[in-house]
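Coordinate analysis (summary)
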Amino acid sequence: MNNPQAPLHRALRRDQFVRFEHPRGLCLRAEQGALWVTVDGEPDDITIEPGACRVFDGDEGVLVGTFRGEAVLSARSLRAAPRWRSWLGLASLRSVSAS
């Protein structure tokens, strides 16, 4: 990636998830569709509606999936580039099989 401040864009199907470790300073936006977000240790999930964004200020892991159908997310750091590289490297896309 040439520009460490450029946002990460990811299309998600309903069986895919992206996980961010240590997301302090992460700005997560629902470009299309709604996002369903679970923060490690938090009892309530978060819904990010299309066009809305959420900034995370903690270091607890964040798991992102779709709320209804497919979605497109963008993620960027509001912190300096070295931190962006560290959590971007830990972002992973996971697929799960529908039972």
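Cut-offs and rules
- Residues numbered from 1 in each chain as written.
- Predicted model: local features only at pLDDT ≥ 70, side-chain atom pairs only at ≥ 80, totals over all residues.
- Heavy atoms only, no water.
- Helix = DSSP H or I, 4+ residues; strand = E, 2+ residues; numbered from the N terminus.
- Contact = heavy atoms within 4.5 Å.
- Areas by Shrake-Rupley, 256 points an atom, 1.4 Å probe, with all protein chains shown as cover.
- Phe/Tyr/Trp six-rings, centres within 6.5 Å; stacked < 30°, edge-to-face > 60°.
- Buried < 20%, exposed > 50% of the residue type's maximum accessible area, 1.4 Å probe, protein only.
- Salt bridge = Lys/Arg side-chain N within 4 Å of Asp/Glu carboxyl O.

1. Section: the overall build of the protein chain
Secondary structure summary: the protein chain contains one helix and nine strands in total. From first element to last, N terminus to C terminus, the protein chain shows the α and β order β-β-β-β-β-β-β-β-α-β. Taking the contacts inside the protein chain whose residues are at least 6 apart along the sequence as the reference set, 73% of them involve residues at least 24 apart. For the protein chain, the computed accessible surface area is about 5700 Å², with 49% contributed by carbon and sulfur atoms.

2. Let's talk about the packing of aromatic side chains
Taken as a whole and assessed by the stated rule, the structure comprises one aromatic pair. Their ring planes at 85° and their centres at 6.1 Å tell us that Trp36 and Phe67 sit as a pair that is edge-to-face. With Trp36 in strand S4 (residues 35–39) and Phe67 in the loop between strand S7 (62–66) and strand S8 (71–77), the pair connects residues that are 31 residues apart, well separated along the chain. Since its relative accessible area comes to 38%, Phe67 is described here as partly exposed.

3. Here's the deal with the pattern of salt bridges
Under the defined criterion, the tally for this structure stands at five salt bridges. When the shortest N-O distance is used, the salt bridge between Glu21 and Arg19 registers 2.6 Å. Overall, Arg19 belongs to the buried group, its relative accessible area being 14%. Between Arg19 and Asp40 there is a salt bridge, with its nearest N and O atoms 2.4 Å apart. Taken together, the residues Arg19 in strand S2 (residues 16–20) and Asp40 in the loop between S4 and strand S5 (46–48) connect sequence positions 21 residues apart. The exposure class of Asp40 is partly exposed, given its relative accessible area of 33%. Salt bridges sharing common partners tie together Arg19, Glu21 and Asp40.

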